Amino acid sequence: MSVNQRIALLTLVVADYDDAIAFYPQKLNFQLLEDTDLGAGKRWVRVAPRGPGGGAELLLARAASPEQATRVGNQTGGRVALFLYTDNLARDYQQLRAAGVTIVRPPMTQTYRQVLVFADLYGNLWDLLEPPPAHSV
């Protein structure tokens, strides 16, 4: 195996492409990187946080079966599914609130960093984390 590897994409099962595209760029300020029609109702939709590159992207994949539909909003059994680093938690907290994003747990200081928990449009839980000053985002 190569030593030069990184996780490039994580699949997030969604109920509707257009609703998800509206949420991630408009509410979380993510970039819409690609929206390619694959035919038969399938699309290749990639979004990612803005800022310095290098992080993983999300592949928004519409549930294609009843079993997949049961995973929308609960892909990790109620645990936090995704972790998003920020350079300014207070600023982003205010932006999330202004955008109407559901804050599950308001900002708190943990021994390892500042953190808050929010839910995406389907209820998947996210940690928004601000690393201590010695670390970079």
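Residues numbered from 1 in each chain as written. Predicted model: local features only at pLDDT ≥ 70, side-chain atom pairs only at ≥ 80, totals over all residues. Heavy atoms only, no water.

## Things to note about the UniProt feature "domain: VOC" (unreviewed entry) in the protein chain
What UniProt calls "domain: VOC" (unreviewed entry) maps, in this numbering, to residues 6–131. Summarising residues 6–131: 20% helix, 43% strand, and an end-to-end C-alpha distance of 21 Å. (UniProt positions renumbered as here; feature names shortened; annotations may be inferred. Helix = DSSP H or I, 4+ residues; strand = E, 2+ residues; numbered from the N terminus.)

## Examining the sheet that holds strand β1 (residues 9–14)
In any sheet, the strands associate via hydrogen bonds between backbone groups, in a parallel or an antiparallel arrangement. If you walk across this open sheet you meet the four strands as β1-β4-β3-β2, and the pairing is mixed. Of all strands in the sheet, those bounded by a partner on one side alone are β1 and β2 (31–39). Within this sheet the neighbouring strands show an average axis-to-axis angle of 25°, counted without direction. By the bridge criterion, seven bridges tie β2 to strand β3 (residues 42–48) in an arrangement that is antiparallel. Among the inter-strand pairings, glutamate 34 is bridged to a residue of β3, identified as arginine 46. (Pairing = 2+ DSSP bridges. Axes fitted to C-alpha atoms, helices over the stretch in contact; angles between N-to-C directions.)

## Quick notes on the side chain of arginine 113
Here arginine 113 lies in the loop between β6 (102–109) and β7 (114–119). As a buried residue without a salt bridge, arginine 113 has its nearest oppositely charged side chain in aspartate 127, at a separation of 8.0 Å. Looking at arginine 113, its side chain comes within polar contact range of the side chain of tyrosine 85, at 2.9 Å. Every residue in contact with arginine 113, bar those within four places of it in the chain, is listed here: Tyr85, Met108, Leu129, Glu130, Pro131 and Pro132. (Buried < 20%, exposed > 50% of the residue type's maximum accessible area, 1.4 Å probe, protein only. Lys, Arg positive; Asp, Glu negative; His and termini not counted. Salt bridge = Lys/Arg side-chain N within 4 Å of Asp/Glu carboxyl O. Polar contact = N/O pair within 3.5 Å; in protein donor to acceptor, adjacent residues only side chain to side chain. Contact = heavy atoms within 4.5 Å.)

## Observations regarding the packing of aromatic side chains
Counted according to the given criterion, the structure contains five aromatic pairs. Pairing tyrosine 24 with phenylalanine 30 gives two aromatic rings, centres 5.9 Å apart and planes at 40°, and the pair type is tilted. Given the relative accessible area of 2%, phenylalanine 30 is considered buried. On the basis of an interplanar angle of 45° and a centroid distance of 6.2 Å, the ring pair of tyrosine 24 and tryptophan 126 is categorised as tilted. (Phe/Tyr/Trp six-rings, centres within 6.5 Å; stacked < 30°, edge-to-face > 60°.)

## Thoughts on the side chain of threonine 86
Checked against the element boundaries, threonine 86 lands in the loop between β5 (80–85) and α3 (89–98). With relative accessibility at 4%, the residue threonine 86 sits in the buried group. Within the structure, the side chain of threonine 86 is placed 3.1 Å from the backbone nitrogen of asparagine 88, a separation counted as a polar contact.

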